[in-house]
Amino acid sequence: MEDFSLEGRVALVTGGAYGIGFAIAKAYADAGARVAFNCRSREHLEQALDQYHENGIDAKGYLCDVTDEKQVQSMVDQIRKELGTIDILVNNAGIIKRIPMTEMSVEEFRQVVDIDLNAPFIMSKAVIPHMAEKGHGKIINICSMMSELGRETVSAYAAAKGGLKMLTKNICSEYGHCNIQCNGIGPGYIATPQTAPLRERQPDGRRHPFDRFIISKTPAERWGVPEDLTGPAVFLASRASDFVNGQILYVDGGILSYIGRQP
Ligand code: NAP
Ligand code: GCO
């Protein structure tokens, strides 16, 4: 269906060097978009460029810390010169710190909120004027189940992702009249470097307790993989979702709807 095509579109996926961002950027290229990604580490950038090129994708990579407004403005300007105005922005870059709240320093809390919430504000503020000028735009914020639920040790992350859900709804409210759609994707538990510590095998070879816990709480009885998110991401970036705005699409194998298997 033409409505799902991204031909002629320019997409920026922040943190698209690996994990969820890489999978989304690859899917966008496969749907016809010209793709750009950024990260902070030159090593990650170069490894990612090799990966994109091995997949036949002429992605452009930029070293940019999304919390730094000057670096963001410079990257957006560079992309406009090299690829054109950004039509699709995916605010994917993010970190998590798993520390009991009373043991977490204010600096650690601030760092998580800075990357997971302030940066999507900085990125969106930089691209919305150009999208409005062009008469259309798509912003997709990678939220989380923690936009809805809490758990031990992730206070900063849940606060940030809860805020990101409301930032999504506010961009929808404030710029929907410019034909800009801003939606979120709320992944469940996805097997990426970010969740690797939660899936590490125990010394006796048994699965990590948290791994077993997630399996028992997920109707699909498995962890997600980044590719589970690519269809929803293409939908929200395409014309097929032009009348969808301010929504968070949870792609979680059913976990948010399930009380969990009786032990
Ligand atoms: P990941 O494997 O840790 O990858 C994160 C990416 O973000 C890396 O490319 C990292 O590259 C980049 N990044 C981090 N801080 C940055 C900054 N300040 N500026 C620019 N780039 C930065 O994470 P993931 O699992 O793919 O998760 C991606 C997004 O999905 C995150 O927002 C995460 O919160 C969210 N999410 C993940 C899951 C899950 O289960 N994995 C579930 C729900 C939501 P550098 O370190 O080189 O900068
Ligand atoms: C955690 C996990 C989760 C996932 C994701 C779930 O420690 O609980 O990292 O936060 O990353 O956000 O949707």
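Numbering of residues starts from 1 in every chain and runs along the sequence as written. Going through the entries in the order they are written, you letter the chains from A and number the ligands from 1. Local features in this predicted model are restricted to residues of pLDDT 70 or higher, and side-chain atom pairs are both shown and tallied only at a pLDDT of 80 or more, whereas totals for entire chains, interfaces and linings draw on every residue. The side-chain numbers reported here are obtained from all heavy atoms of the structure, hydrogens and water having been left aside.

Trainee: How would you sum up the packing of aromatic side chains? Please name residues and give values.
Mentor: The pairing test for Phe, Tyr and Trp rings, Trp by its six-membered ring, is centres within 6.5 Å, and the orientation test on the planes gives stacked under 30 degrees, edge-to-face over 60, and tilted for anything in between. The tally for this structure, following the rule as stated, stands at six aromatic pairs. Taking 4.9 Å as the distance between ring centres and 35° as the angle between the ring planes, the aromatic pair formed by Phe-37 and Tyr-52 counts as tilted. With Phe-37 in strand 2 (residues 34-39) and Tyr-52 in helix 2 (residues 42-54), this residue pair connects regions lying 15 residues apart in the sequence. Under the scheme applied here, a residue whose accessible area is under 20% of the maximum for its type counts as buried, over 50% as exposed, and between as partly exposed, the area being computed with a 1.4 Å probe on protein chains only. With relative accessibility at 0%, the residue Phe-37 sits in the buried group. Following the ring pairs from residue to residue traces out a cluster consisting of Tyr-189, Phe-210, Phe-213 and Trp-223. Either the NZ atom of lysine or the CZ atom of arginine qualifies as a charge over a ring when it sits within 6 Å of the ring centre and within 35 degrees of the ring normal. Lying over the aromatic face of Trp-223, Arg-199 brings its terminal NZ or CZ to 5.4 Å of the ring centre. Elements are defined by DSSP. Helices are runs of H or I of four residues or more, strands are runs of E of two residues or more, and each kind is numbered from the N terminus.

Trainee: Account for the site of ligand 2, with residues named and values stated.
Mentor: When we say a residue is near a molecule or strand, we mean one of its heavy atoms is within 4 Å of it. Ligand 2 sits among 14 residues. The nearest are Arg-98, Ser-144, Arg-151, Tyr-157 and Tyr-189. Polar contacts here mean pairs of N or O atoms no more than 3.5 Å apart (in protein, one a potential hydrogen donor and the other a potential acceptor; neighbouring residues in sequence count only if both atoms are side-chain atoms). In the environment of ligand 2, an oxygen atom lies 2.9 Å from a nitrogen or oxygen atom belonging to the side chain of Gln-194. Shrake-Rupley sampling with a 1.4 Å probe provides the accessible areas, and residues are treated as covered by the protein chains on show and by no other component. Protein burial of ligand 2: of its 330 Å² of free accessible surface, 96% is covered by the chains. Its residues assigned to classes, the shell around ligand 2 comprises eight nonpolar, four polar and two charged. Residues are sorted three ways: Asp, Glu, Lys and Arg are charged, Ala, Val, Leu, Ile, Met, Phe, Trp, Tyr, Cys and Pro are nonpolar, and all the rest, Gly among them, are polar.

Trainee: Can you explain the site of ligand 1? Please cite residues and give values.
Mentor: Arg-40, His-44, Asn-92, Tyr-157 and Thr-192 are the nearest of the 30 residues found near ligand 1. His-44 is positioned with one of its side-chain polar atoms (N or O) 2.6 Å from an oxygen atom of ligand 1. At 3.5 Å, a backbone N or O of Gly-188 approaches an oxygen atom of ligand 1. Its residues assigned to classes, the shell around ligand 1 comprises 16 nonpolar, 11 polar and three charged.

Trainee: Any details on the environment of Ile-95? Residues and values, ideally.
Mentor: Along the polypeptide, Ile-95 turns up in the loop between strand 4 (88-91) and helix 4 (106-134). Not counting residues up to four positions away in its chain, the partners in contact with Ile-95 are Arg-40, Gln-111, Val-112, Ile-115, Asp-116 and Tyr-157. By the convention used here, residues are in contact when the closest approach between their heavy atoms is within 4.5 Å.

Any link to function would need more than the numbers given here.
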